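# A look at the structure
Chain by chain, the residues run as shown.
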Amino acid sequence: MASLALILSAGGPTATAFHGGVLAALWDEAGWDARQATLIVGTSAGSSAAAMLRGGFSPSDEFARLTDGTLSPEGQQFADRVRASGPGRADSTAGAPTKRPLGLRMAFKGLLPYRFRPGLVLAGLAPRGSQSLARVGATARAAHEEKWPTESTWVVAARVADGARAVFGRDDVPRTDIGTAVQASSAVPNVYRPVRIGRHEYVDGAIHSSTNADLVAALGFDAVVIVSSMTAVPRRARCIDRDPTRTYFSHVLAREVAAIRATGTPVLVVQPTAADLALRRGDLDDAAISAITRQARETARAKLARSEAQHVRAAFEAARV
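All values derive from a computational prediction rather than experimental measurement. (Residues numbered from 1 in each chain as written. Predicted model: local features only at pLDDT ≥ 70, side-chain atom pairs only at ≥ 80, totals over all residues. Heavy atoms only, no water.)

## A look at the side chain of Thr-43
In this fold, Thr-43 is placed in strand β2 (residues 39-43). Leaving out residues up to four positions away in the same chain, Thr-43 has contacts with Leu-8, Ser-9, Ala-10, Val-156, Ser-185, Asp-204, Gly-205, Ala-206, Ser-209, Ser-210, Thr-211 and Asn-212. (Helix = DSSP H or I, 4+ residues; strand = E, 2+ residues; numbered from the N terminus. Contact = heavy atoms within 4.5 Å.)

Written as structure tokens, this is what we have:
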């Protein structure tokens, strides 16, 4: 059986919608169920998606949820269980705002000349966030009967003390449950409170990379699938003069993909096109989320139809054997 790694990026609600559309297309067009990935690596919004997949929520049901469709009986049972276990309103309250920087040592680490990391610099100098992500953590936790999925699942965060990348589910870091790890991975600096796990506090893993796909470069998978919401297709990325964050993450992703392909591993990268980005303007109401999800499915379908996707499609076929 083929081994496949699935990388799910950061990016907030738009990433959740993008992931939902892409993973639905991978199932509809290629017959690949993302729940069966050998390894799932999730960052921020991607970690929530990973938790839902490993909890058993299918790509088809996630697409239905995001587009106001009808869930399968199994999907409805899953959704009801998660909803019943969620926290009340009081668990999502904001604390007192502060102007104290999140971590000056983190900022200093990002300024080292041999490896300049603007994400670390900006995060370290940003004020500590005050809002809670308890609801996000509780949702991920409710999807699982055990503290951590039995299948390989990595959740990426960053340690506030020094900016070091932490990979829950892989690294020798304090063990925690999937909900707490997701909460830490999603704690965007200047907005959400850092999450304490053991002796340290952790924040959003996207301050290193929106995908952290380099984590799988040397692992010898038969194929790697990257669903990247915070980047853009190369032709589009060169034209994003007004979105330096997307341009930067696009360059980081290009380096990560090159490192994976250098080992001989086929990589399928699905990222926003001009049509996807056009839908991300204005309010993100339910109609907008539905439109982003549907367009992401079409973007992934077009990607799968290209000749460059044939090696990954072959891995999908082998994974079903």
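Moving on, there is more to tell.
## Concerning the nonpolar core
By size, the foremost hydrophobic cluster in this structure holds 30 residues, and its most contacted members are Leu-6, Leu-8, Leu-26, Trp-32, Val-225 and Phe-316. Taken together, the elements giving at least two residues each to this core come down to β1 (4-8), α1 (12-30), α2 (45-55), β7 (223-227), β8 (267-270), α12 (286-304) and α13 (310-319). It is α1 that provides the largest number of residues to this core, a total of six residues. Among residues more than four places away in sequence, those in contact with Phe-316 are Leu-4, Leu-26, Ala-30, Trp-32, Val-225 and Leu-304. Counting residues in each nonpolar core, the second largest holds 24 residues, with Ala-64, Phe-78, Ala-157 and Tyr-202 among its members. (Core = buried A, V, L, I, M, F, W, Y, C linked by side-chain atoms within 4.5 Å. Buried < 20%, exposed > 50% of the residue type's maximum accessible area, 1.4 Å probe, protein only.)

## Quick word on α12
Here α12 is 19 residues long and its end C-alpha atoms lie 27 Å apart, about the 27 Å a rise of 1.5 Å per residue gives. Buried within α12 we find Ala-288, Ile-289, Ser-290, Ile-292, Thr-293, Ala-296, Arg-297, Thr-299, Ala-300, Lys-303 and Leu-304. Summarising the contacts, the buried residues of α12 are in contact with α1, α3 (59-66), β8, α11 (274-278) and α13. (Expected span 1.5 Å × (residues − 1).)

## A closer look at the pattern of salt bridges
Two side chains bearing opposite charge may form a pair once their charged atoms approach each other closely. This structure, assessed with the given rule, holds 14 salt bridges. Residue Glu-308 pairs with Lys-303 through a salt bridge whose shortest N-O separation is 2.8 Å. On the accessibility criterion, Glu-308 (44% relative accessible area) is partly exposed. Of the residues examined, Lys-303 reaches a relative accessible area of 16% and is grouped as buried. The shortest N-O distance in the salt bridge between Arg-306 and Glu-308 comes to 3.7 Å. The exposure class of Arg-306 is partly exposed, given its relative accessible area of 48%. Taken together, the shared-partner salt bridges in this structure form one network comprising Glu-29, Arg-297, Glu-298 and Arg-301. (Salt bridge = Lys/Arg side-chain N within 4 Å of Asp/Glu carboxyl O.)

## Considering the packing of aromatic side chains
For the structure shown, the criterion picks out four aromatic pairs. Relative to Phe-78, the ring of Phe-57 has its centre 4.9 Å away and its plane inclined at 20°; by these criteria the two rings are stacked. Here Phe-57 is found in the loop between α2 and α3, whereas its partner Phe-78 is found in helix α4 (residues 73-85), with 21 residues between them in sequence. Its relative accessible area of 6% is what places Phe-78 among the buried residues. Positioned above the aromatic ring of Trp-154 is the side chain of Arg-170, whose terminal nitrogen or guanidinium carbon lies 5.4 Å from the ring centre. (Phe/Tyr/Trp six-rings, centres within 6.5 Å; stacked < 30°, edge-to-face > 60°. Lys NZ or Arg CZ within 6 Å of the ring centre and 35° of its normal.)

## Points about the packing of α1 against α12
For the pair α1 and α12, the least separation of the axes is 7 Å and the interaxial angle reads 40°. When the interaxial angle is binned, α1 and α12 end up oblique. Our pair here, α1 against α12, has a crossing hand that is right-handed. Residues Pro-13, Thr-14, Ala-17, Phe-18, Gly-20, Gly-21, Val-22, Ala-25, Leu-26, Asp-28, Glu-29 and Ala-30 of α1 lie in contact with α12, whose contacting residues are Ile-289, Ile-292, Thr-293, Ala-296, Arg-297, Ala-300, Arg-301 and Leu-304. Split into classes, the residues belonging to the contact of α1 with α12 amount to twelve nonpolar, four polar and four charged. (Axes fitted to C-alpha atoms, helices over the stretch in contact; angles between N-to-C directions. Parallel < 35°, antiparallel > 145°, perpendicular 65-115°, else oblique. Left-handed = near helix turned anticlockwise from the far one by under 90°. Nonpolar A, V, L, I, M, F, W, Y, C, P; charged D, E, K, R; others polar.)

## Let's talk about the confidence of the model for the protein
On average, residues of the protein carry a pLDDT of 91, and 93% of them reach 70 or more. In this model residues 88-92 is a low-confidence stretch, pLDDT under 50, and it forms six contacts with partners more than four residues away in sequence or in other chains. (pLDDT = per-residue confidence, 0-100.)

## Digging into the pairing of strand β4 (residues 165-168)
Here strand β3 (residues 152-159) runs beside β4; their pairing, made up of four bridges, is antiparallel. For Ala-157, the partnering residue across the bridge sits in β4 and is Ala-166. If you look at the hairpin formed by β3 and β4, you'll find five residues sitting between the two strands, and Gly-163 has a positive phi there, around 80°. (Pairing = 2+ DSSP bridges.)

## Brief notes about the environment of Glu-145
Structurally, the position occupied by Glu-145 is in the loop between α7 (134-142) and β3. Between the alpha carbons of Glu-145 and Gly-55 there is a distance of 8.5 Å; along the sequence they are 90 residues apart.

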